[in-house]
Amino acid sequence: MVEPPTRFFRQYLANLPKRHSAWPAQWRKADLKRSYDVVIVGGGVHGLATAYHLARDHGIRSVAVIESGWLGGGNTARNTALLRSTYRHPASAAFFQDALRRYRTLGSELDYNLMVTQRGYLQLAHDEVDRSEFRAMVDTMASVGAHAEILSAEAVCKRLPLLQAEIVGGLWQQDAATVRHDAVAWAYARAASHLGVDIVEGVSVSTLLERIGKAVGVETSAGAVEADQVVLAAGWTSKPLAETVGLSLPIVPYPLMAAVTEPIAPVLDPVVVSMRHRALVQQTARGEFVLGIAQSDAEGETEPDPFGLAAQSVRGLVTLFPTLAGVRLMRMWEGVIDVTPDASPLLGQTAVSGLFVNCGWSAGGMKAAPTAGHALATEIATGTPTKLAAPFSPRRYQSGALIEEKIEARGR
């Protein structure tokens, strides 16, 4: 006999607390100690990856990751989770290609389903200037062992039958992928915690502690914590924290948003980008379209104009794919990205002894996490940056060796 629906749902709701309480905790709920070898400010993928590699690769397990909110709740949770290595500078292409390679086996390494899915990345060329830039990018990528190719307009339209915009071709990276961003944070957190790292949520850091020109800890809402080394991996908020010890990081915050639509039948396989129309779109396995809402032009602002940004990006989407004009937006979310003058990250030892940074990733931090975490942990443990990370030293602004990735959008 089938149970009456009302009784079934009452039983289901009554058992929900039991179901959740029976789930094993993925990482330890740690109490903040008074001292550590390394304190990492920021519980996103970069802070967690750095902690994991410190513990696993170098045996440095007296490490605390301090997060003011919930783990992975900052920019880690507010991105479109695209993995690619289509960059203009050889240092960038090599770095992100290494991260793309690491992501292929990261799930097995951490024993976690990260939902890495090879989708391919297609950036549209709207004129000959675009196509010329893409050719240079393909040559740069080839020089560091990465691969992309130039597609004709006909080949692009074959991959994108709904496309209606005027194009002359496109840049295609076959092995580009997407990933479940939350899962990356959870996997690193679980692995680091099992290795002895303390992960502390809901504790904010107000200032850095300094003694005779060296960073020696942090002042938190739970009291002072001493450390031999301090890492700032807190996105744009790394800047005001660095200023508490007299260090000015070249970071400017910009609002950024993303949105998701209602699901429809599958019509789009690759991730598609148009810089001219400031649009990024991908379709999930459930049929929703994830839109990378255009970066705001409001330099230095941390509060976006949600409907203005959404209208701009939706306009770009509908310009590219007019048949999607009737699809409804279901939700939007916002974040603040940390942008440097050359749109490349700050990674490594700063001018303040004992203080390291892992920030300034613009909108590309998720795709870099495995390589960045490994590289920064290596530099902290050995005092020497890896070959891939060395060009991204915060000190490059003194030498003038910039990693120029800033793109000026044309044809707006």
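Preceding block: the structure.
Residues numbered from 1 in each chain as written. Predicted model: local features only at pLDDT ≥ 70, side-chain atom pairs only at ≥ 80, totals over all residues. Heavy atoms only, no water.

Participant: Mind showing me how you'd approach the environment of S344 here?
Facilitator: By the element assignment, S344 lies in the loop between β17 (329-339) and β18 (346-349). Linking S344 and C359, residues 15 residues apart in sequence, is a C-alpha distance of 9.3 Å. Not counting chain neighbours up to four residues away, the residues in contact with S344 comprise S92, G360, F392, R396, Y397, I403 and E405. (Helix = DSSP H or I, 4+ residues; strand = E, 2+ residues; numbered from the N terminus. Contact = heavy atoms within 4.5 Å.)

Participant: Before we go on, may I ask you to explain the environment of V184 in this structure?
Facilitator: Residue placement: V184 occurs in helix α6 (residues 181-194). By relative accessible area, V184 is classed as buried at 0%. Here the alpha-carbon distance between V184 and L106, two residues 78 residues apart in the chain, equals 8.9 Å. (Buried < 20%, exposed > 50% of the residue type's maximum accessible area, 1.4 Å probe, protein only.)

Participant: Hey, could you run me through the nonpolar core in this one?
Facilitator: For soluble globular proteins, nonpolar side chains are generally found buried alongside one another. If you look at the biggest cluster of nonpolar residues, it comprises 63 residues, and the most contacted ones within it are I40 and F95. At the level of secondary structure, the elements contributing two or more residues to this core comprise β1 (35-41), α2 (45-58), β2 (63-67), α3 (90-110), α4 (128-143), α6 and α9 (365-382). Apart from residues lying up to four places away in sequence, I40 is in contact with G47, T50, A51, L54, V63, A64, V65, I66, V231 and A233. In this structure, A64, V245, L249 and V352 belong to the second largest nonpolar core, which totals 28 residues. (Core = buried A, V, L, I, M, F, W, Y, C linked by side-chain atoms within 4.5 Å.)

Participant: Help me out: how do you make sense of the pairing of strand β15 (residues 279-283) in this one?
Facilitator: Remember that side chains alternate between the two faces of the sheet whenever the strand is regular. Across the five residues of β15, five count as buried, placing the element largely inside the fold. Of the two faces of β15, the one holding A279, V281 and Q283 and the one holding L280 and Q282 are both buried throughout. By the bridge criterion, three bridges tie strand β14 (residues 271-274) to β15 in an arrangement that is antiparallel. Within the sheet, the bridge partner assigned to V272 lies in β15 and is V281. Between β14 and β15, which follow one another and run antiparallel, lie four residues, and R278 among them has a positive phi close to 50°. (Pairing = 2+ DSSP bridges.)

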